[in-house]
Amino acid sequence: MASLSRMKNGTRRVQFVIDTVRRTIYLGRVSQKVAETIKIRVEYIVAAKASGTPLDAQTASWLGELDIAFTAKLVSAGLIDPPEQKKVPTLQEHIDRYIAVRGEAVKERTRSHWRQAQQSLVAYFGADRLLDSITSGDAKDYEVWLGTAAARKNSYAEKDKNTQGLAKNTIRKRCAEAKQFFAYAVDHELITRNPFRDIRGSVKGNPERQFFIDRPTTKKVIDGCGSCDWRTLIALNRFGGLRNPSETLQLRWVNIDWETSIMNVWDEKRNRYRQVPIFSELRPHLEESWEQAEPGQEYVITRWRYDDDPNLRTQFIKIIKRAGVTPWPNIFKNLRASRSTEVNREFGAFLESEWIGHTQAVAREHYLMVTPEDVARATACETKATQNATQHTAATGRRGPHSWPTDAIKMSVLPGKATLCDPQQNRLVGREGLEPPTQRL
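Quick caveat: nothing in here was measured; it's all calculated off a predicted structure.

Peer 1: Lay out helix 1 (residues 32–51) with the relevant residues and their values.
Peer 2: One turn of the α-helix equals 3.6 residues, which is why residues spaced by three or four share an orientation. The terminal C-alpha atoms of helix 1 lie 29 Å apart, and with 20 residues this matches the ideal 28 Å at 1.5 Å per residue to within 8%. Along helix 1, the residues classified as buried are Ala35, Ile38, Arg41, Val42, Ile45, Val46 and Ala48. Viewed end-on, helix 1 has its buried residues packed into an arc of 160°, placing them on one side of the element. Looking at helix 1, the residues exposed on the side facing more than 90 degrees away from the buried face are Lys33 and Ala50. The inward-facing, buried residues of helix 1 contact strand 1 (2–6), strand 2 (12–18), strand 3 (21–28), helix 2 (57–64) and helix 3 (68–76). Once helix 1 finishes, Gly52 follows within two positions and takes phi at roughly 70°, a positive value.

Next comes the structure, spelled out in structure tokens:
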């Protein structure tokens, strides 16, 4: 069906007939083995076209592995049809498809993060930018841009400062999500390389934004709340260590066991319930909320249950300011981090991990802090140790201190025959008889 021949210049060619027309494919200077392999595959293709049957799996796979140049030769010879050119989507189209396909399998909060990442990418590259036109250099420039004022359009941005770019962890998170979008495009062979693959997206702890909220400050803020829902929300966050709002607003009354003082909290991170003690500082607020609950009320906090965007952060900042307190960074996370720090100190790392709901590594990186109380206890111990050392000087085995001659002190080696003293307790005692014990002569 096909013939293989070698030309005078050393190149090889395959000839075959399709529709009574002889066709030729020039292979170039290839080995006899490679040429024979191509000849066999050409015969399979010719036979399939003549019989109107599909190609066998091996030949179809072989065609899929050919480079563009040789594929063009097969197309020119009439063996195969031109391969379909995959349309490269725009940035907007691709991310929309990604969220539509993957969005059903994730939580709404994750979808919200994806949409925020999409907004940043579109704002920088443009909605109509073709996906395959974005290079690794463009990705690095985008990472730098996220740290500028142009990337931050949130209403709570600190506009009175000169550096209004996104926080470092937010930049890492946005780059990690961009890497996900482009990895999806690589998997579907829309592009050949992920431009974000060399950019790190792991979130790190930021000590500059850690802030310990002590109990007097917490009490002052809670006392300034005008509603029971707000008092309970803050108490669950600060004294229960619950995530806000994902865990505080999901807590049900059936999850609270008053007799055992245990709350069964749905942990979205671990996709299971975890048991959290009703700490003594938290119990009065839960009891107040229980007393004010309507008959048949399912959730502990109902105020924001059906609000798609409760905007708790802005409202909480107003409450903090009304209480005469300066708002701290990461207002909800630091409430939880303060409780995490206290539990770790009082009950140990294992119970802190089980009750607060994160790994010990995450706690060390993002939550645990050195508190003023820790410093106070440390300095108190040091002061007490100094006082004890001053008041209780160690007693010697001798009857009194011995002074060294001035010339002996200056000598590097003490005289070998020097006798310091003759302690009485080293003298032997005579045998005991009728007379009182005396020293042996």
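After presenting the structure, the write-up continues.
Peer 1: Describe a positive patch on the surface, and please don't skip the residues or the numbers.
Peer 2: On the surface, Lys107, Arg109, Lys173 and Lys269 cluster together to form a positively charged patch. Owing to a relative accessible area of 52%, Arg109 belongs among the exposed residues under this scheme.

Peer 1: Run through the sheet that holds strand 4 (residues 256–257), naming residues and quoting values.
Peer 2: Note on sheets: strands pair through backbone hydrogen bonds, and any given pair is parallel or antiparallel. Taken in spatial order, the 3 strands line up as 4-5-6 in an open sheet, and their pairing is antiparallel. Across the chains shown, the open sheet's two edge strands, defined by having one partner strand only, are strand 4 and strand 6 (272–277). Pairing analysis gives 6 bridges linking strand 5 (residues 262–267) to strand 6, with the strands arranged antiparallel. Residue pairing across strands places Val265 opposite Arg274, the latter belonging to strand 6.

Peer 1: Summarise the packing of helix 11 (residues 312–322) against helix 12 (residues 331–347); cite the residues concerned and give the values.
Peer 2: The geometry of helix 11 relative to helix 12 is characterised by a closest axis approach of 10 Å and an angle of 70° between their N-to-C directions. Taken together, the axis directions place helix 11 and helix 12 in an arrangement best described as roughly perpendicular. Here Leu312, Arg313, Phe316, Ile317 and Ile320 of helix 11 lie close against helix 12, whose contacting residues are Ile331, Phe332 and Leu335. For the contact of helix 11 with helix 12, the class distribution of residues is 7 nonpolar, no polar and 1 charged.

Peer 1: Outline helix 11, supporting the account with residue identities and numerical values.
Peer 2: Here helix 11 has its buried residues at Leu312, Phe316, Ile317, Ile319 and Ile320. Down the axis of helix 11, the buried set is contained in an arc of 160°. They therefore lie on one face. For helix 11, the exposed residues lying more than 90 degrees away from the buried face are Lys318, Lys321 and Arg322. In the core, the buried residues of helix 11 are packed alongside helix 8 (215–223), helix 9 (228–238) and helix 12. Phi turns positive one or two residues past the end of helix 11, at Gly324, with a value near 80°.

Peer 1: With reference to specific residues and values, describe the pattern of salt bridges.
Peer 2: Counted according to the given criterion, the structure contains 19 salt bridges. Across the pair Glu298 and Arg252 runs a salt bridge whose closest N-O atoms are separated by 2.8 Å. Here Glu298, found in the loop between helix 10 (283–292) and helix 11, pairs with Arg252, found in the loop between helix 9 and strand 4; they are 46 residues apart in sequence, far enough to count as distant. When its relative accessible area of 43% is taken as the criterion, Glu298 is described as partly exposed. By relative accessible area, Arg252 is classed as partly exposed at 23%. The salt bridge partner of Glu281 is Arg339, with a shortest N-O separation of 3.4 Å. Residue Glu281 is located in the loop between strand 6 and helix 10, and its partner Arg339 is located in helix 12; the two are separated by 58 residues in the primary sequence. Pair check on accessibility: Glu281 and Arg339 agree, each one buried.

Peer 1: Outline the pairing of strand 2, supporting the account with residue identities and numerical values.
Peer 2: For strand 2, the buried fraction is high: 5 of the 7 residues fall into the buried class. Note: strand 1 against strand 2, 5 bridges, orientation antiparallel. Opposite Ser5, over in strand 2, you have Arg13 as the bridge partner. Between the end of strand 1 and the start of strand 2, which pair antiparallel, lie 5 residues, with Gly10 showing a positive phi angle near 95°. Taken together, strand 2 and the strand that follows it, strand 3, pair antiparallel across an intervening segment of 2 residues, in which Asp19 is found at a positive phi of about 55°.

Peer 1: Got a sec to walk through the packing of helix 1 against helix 2? Specific residues and values, please.
Peer 2: Where helix 1 contacts helix 2, the axes come no closer than 10 Å and their chain directions differ by 115°. Viewed along their axes, helix 1 and helix 2 form a crossing whose handedness is left-handed. Listed contacts from helix 2 to Ile38, Arg41, Tyr44 and Ile45 of helix 1 are Gln58, Thr59, Trp62 and Leu63.

Peer 1: Now, about the environment of Arg200: what can you tell me, with residues and values included?
Peer 2: Considering the arrangement of structural elements, one finds Arg200 in the loop between helix 7 (168–187) and helix 8. In this structure, the C-alpha to C-alpha distance between Arg200 and Ala176, residues 24 residues apart in sequence, is 7.2 Å.

Peer 1: Provide a residue-level description of unusual backbone geometry, including the pertinent values.
Peer 2: Keep in mind that most residues, glycine aside, have a negative phi and that most peptide bonds are trans. Note the cis peptide between Asn244 and Pro245, where omega equals 5°. Summarising the element assignment, Pro245 is placed in the loop between helix 9 and strand 4. A positive phi angle, near 55°, is found at Ser261, a position not held by glycine. The topology assignment puts Ser261 in the loop between strand 4 and strand 5.

Peer 1: Break down the nonpolar core for me, with residues and values.
Peer 2: One finds Trp230, Met263, Phe316 and Trp328 to be the most contacted residues of the largest nonpolar core, which totals 39 residues. Of all the elements in the fold, those that place two or more residues in this core are helix 8, helix 9, strand 5, helix 11, helix 12 and helix 13 (349–356). Leave out the neighbours within four places in its chain, and Met263 touches Leu236, Leu242, Leu251, Asn255, Ile256, Arg274, Gln275, Val276, Pro277, Ile278, Leu282 and Leu286. Within the second largest apolar cluster, 26 residues are counted, among which are Ala117, Tyr142, Leu166 and Phe182.

Rules behind the numbers
Residues numbered from 1 in each chain as written. Predicted model: local features only at pLDDT ≥ 70, side-chain atom pairs only at ≥ 80, totals over all residues. Heavy atoms only, no water. Helix = DSSP H or I, 4+ residues; strand = E, 2+ residues; numbered from the N terminus. Expected span 1.5 Å × (residues − 1). Buried < 20%, exposed > 50% of the residue type's maximum accessible area, 1.4 Å probe, protein only. Arc of directions from axis to C-beta. Contact = heavy atoms within 4.5 Å. Patch = residues over 30% accessible without salt bridge, like charges linked within 9 Å, V, L, I, M, F, W, Y side chains within 5 Å. Areas by Shrake-Rupley, 256 points an atom, 1.4 Å probe, with all protein chains shown as cover. Salt bridge = Lys/Arg side-chain N within 4 Å of Asp/Glu carboxyl O. Lys, Arg positive; Asp, Glu negative; His and termini not counted. Charge placed at Lys NZ, Arg CZ, Asp CG, Glu CD. Pairing = 2+ DSSP bridges. Axes fitted to C-alpha atoms, helices over the stretch in contact; angles between N-to-C directions. Parallel < 35°, antiparallel > 145°, perpendicular 65-115°, else oblique. Nonpolar A, V, L, I, M, F, W, Y, C, P; charged D, E, K, R; others polar. Left-handed = near helix turned anticlockwise from the far one by under 90°. Core = buried A, V, L, I, M, F, W, Y, C linked by side-chain atoms within 4.5 Å.

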